[in-house]
Amino acid sequence: MAQDVIKAPTERTVPRLTRREGFSLIINSDPLGIPLRLARKYGDVFFMEAGGQKVFFLNHPDDVRELLVVQHEKFYKGDGVMQLARMLGQGLVTSEDPLHKRQRRLVQPAFHRKRIAGYTQAMVEAAQEQARNWRDGATVDMVEEMMELTLIIVGKTLFNTDVAREADTVQQALVTSMEAFRKLSMSPLGALVERLPLPINARLRQAREQLDAVVYRIIDEHRKQGNDQGDLLSMLLLAQDEDGSVMTDQQLRDEVMTLFLAGHETTSNALAWTWYLLAQHPEFLARLQQEVDSVLADRAASIDDLPRLPYTEQVLMESMRICPPIWAIDRNAIEDVNLRGIYIPKGSKVVLSQYVVQHDPRFYPEPERFDPERWTPEARAERPKFAYFPFGGGPRLCIGESFAWTEGILLLATLAQRWEARLAPGAHVAFQPAVTLRPKYGLKMTLHRRAV
């Protein structure tokens, strides 16, 4: 039994995993199910030791909030995020203060409400084009469909460029990158493996070169234009910090790469999972269609429709609860921390799992059941705020959260005006937890034009 404990300076006791339990986490054979089962067994917090480092797992919303909001300055982003630096460089996702604070200040204006409102026409037009290209009875991979759609949107809205012709290249590079990150993170010798001349490292290097070519093309086009095109990249090229400094070419590349990839990967996964869940629950699909038909009828959606589509939003929120695109985040303690009575020594790793917290039956009865009614204002008010944190929280809250919600709701409503999708016969559906929570085998679905 796990009798060893860490006693906090104040009140809380932290159970220690058995060697067998710790080993099951290290080999990472089931990164969703194992932490979930351990949380059900040990409760709000437990820890293990791996390679001389203590690793804490926080499973209660109040502890999540304490780390992300109240005592965030005592933690740096963890090894999982740092692996992304090989692809993203030192962008908003991977950088630490003071660089992160400076870069966020420069990027933030691109995500103000008025600026996002200006993006919505491009979002809806891209979805309408996708709807026109779909064919009744066709079988598609919904992951690829949503990836291409969100990729085109992020290219147009944030960088004012057409990336449709490069969509296949970007998608393949992303698949290669996610697979490489997943395999490297599973290896206890990950840092060493990354330096060896192995095929996986060669594929990752090639994927980065392919993505770099797309990003540098976008940057070069803007520099040749030489004027403000009203998009994010123009703002970054022209932006000056308080001391008058501007972004270096490397910083510019890193931010463009970060926003280019993060700006569509999570939303596309969220939408793909949503189509799958709606196909499994036709009663909820029918209600969503009823709302869309009532609000939009035959016209195009706009930003003014967002408050009129509450059920569409509830469907998306519930999908992201069950299948969170970002399923876990980690932090490293840079000093000794007393976190609500949990003593976390300097150098410890802390894991916060959206998947675990968002499947906690205390906050979500029958947590595996898909139920958009969990997201009525009344139901939401009864839960702790951080019982749901798909975009993180605190100063490191995803800068594109409002962009993502706006995009997700408008795309789902626009496509649902004309189409529904059903799981194709023989389709195999499983999670693949890598950097994001992707469907392991894609999502083969059959398109059906609605009789409206």
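What counts and what doesn't
- Residues numbered from 1 in each chain as written.
- Predicted model: local features only at pLDDT ≥ 70, side-chain atom pairs only at ≥ 80, totals over all residues.
- Heavy atoms only, no water.
- Helix = DSSP H or I, 4+ residues; strand = E, 2+ residues; numbered from the N terminus.
- Rg over C-alpha atoms; globule rule 2.2 N^0.38 Å.
- Buried < 20%, exposed > 50% of the residue type's maximum accessible area, 1.4 Å probe, protein only.
- Pairing = 2+ DSSP bridges.
- Axes fitted to C-alpha atoms, helices over the stretch in contact; angles between N-to-C directions.
- Salt bridge = Lys/Arg side-chain N within 4 Å of Asp/Glu carboxyl O.
- Expected span 1.5 Å × (residues − 1).
- Contact = heavy atoms within 4.5 Å.
- Phe/Tyr/Trp six-rings, centres within 6.5 Å; stacked < 30°, edge-to-face > 60°.
- Disulfide = S-S within 2.5 Å.

**Considering the overall build of the protein chain**
- What the protein chain contains, in helices and strands, is 17 helices and 14 strands.
- In terms of overall size, the protein chain behaves like a compact globule, its C-alpha atoms giving a radius of gyration of 22 Å where 452 residues would be expected to give roughly 22 Å.
- The principal-axis extent of the C-alpha atoms belonging to the protein chain is close to 65 × 55 × 45 Å.
- Within the protein chain, the proportion of its 452 residues that are buried is 56%.

**Section: the sheet that holds strand S14 (residues 444-449)**
- The antiparallel open sheet is built from three strands, whose spatial order is S6-S14-S11. Of all strands in the sheet, those bounded by a partner on one side alone are strand S6 (139-141) and strand S11 (419-423). Sheet twist, expressed as the average angle between the axes of neighbouring strands with direction ignored, equals 45 degrees.
- Relative to S14, S6 runs antiparallel, the two sharing three bridges. Of the residues in S14, the one forming a bridge with valine 140 is methionine 445.

**What to know about the pattern of salt bridges**
- Under the definition given, this model contains 26 salt bridges.
- Among the salt bridges present, the one from glutamate 96 reaches arginine 396, with a minimum N-O distance of 3.3 Å. Of this pair, glutamate 96 sits in the loop between helix H4 (79-88) and helix H5 (99-107) while arginine 396 sits in the loop between helix H16 (377-381) and helix H17 (401-418), and the two are 300 residues apart along the sequence.
- By relative accessible area, glutamate 96 is classed as buried at 18%.

**Some thoughts on helix H13 (residues 282-296)**
- For H13, built from 15 residues, the straight-helix expectation of 21 Å at 1.5 Å per residue is met to within 8% by its first-to-last C-alpha distance of 20 Å.
- Packing partners of the buried residues in H13 comprise helix H12 (249-280), helix H14 (310-322), H17 and S11.
- Alanine 297 sits one or two positions beyond H13 and adopts a positive phi of about 55 degrees.

**A word on the pairing of strand S4 (residues 53-58)**
- Pairing geometry for strand S3 (residues 45-50) and S4, over six bridges, is antiparallel. Following the sheet pairing, methionine 48 is matched in S4 by valine 55.
- Linking two consecutive strands that pair antiparallel, namely S3 and S4, is a turn of two residues; a positive phi of about 60 degrees is found at glycine 51 within it.
- Here four bridges tie S4 to strand S10 (residues 349-352), and the two strands are oriented parallel to one another. When the bridges of S10 are listed, valine 55 appears paired with lysine 349.

**Digging into the packing of aromatic side chains**
- Considering all chains together, one arrives at 15 aromatic pairs under this definition.
- Seen from their ring centres, tyrosine 355 and phenylalanine 431 are 6.1 Å apart, and the 80 degrees between their planes marks the pair as edge-to-face. Of this pair, tyrosine 355 sits in helix H15 (residues 354-357) while phenylalanine 431 sits in strand S12 (residues 431-433), and the two are 76 residues apart along the sequence.
- What makes tyrosine 355 buried here is its relative accessible area of 8%.

**Here's the deal with the state of the cysteines**
- Following the criterion strictly, the structure yields zero disulfides and no others.
- Summary of cysteine pairing: cysteine 323 is not part of a disulfide, and the nearest cysteine sulfur, belonging to cysteine 398, is at 19 Å.
- Judged by its relative accessible area of 2%, cysteine 323 is buried.

**Things to note about the sheet that holds strand S5 (residues 75-77)**
- Read from one edge to the other, the open sheet built from five strands follows the order S3-S4-S10-S7-S5, with strand pairing classed as mixed. Since the sheet does not close on itself, it has two edges, and those belong to S3 and S5, each with one partner. Recorded for the sheet is a direction-independent mean angle of 30 degrees between the axes of neighbouring strands.
- Pairing of strand S7 (residues 329-333) with S10 involves four bridges; the strand directions are antiparallel. Each bridged residue has a counterpart across the sheet, and for aspartate 330 the counterpart in S10 is valine 351.

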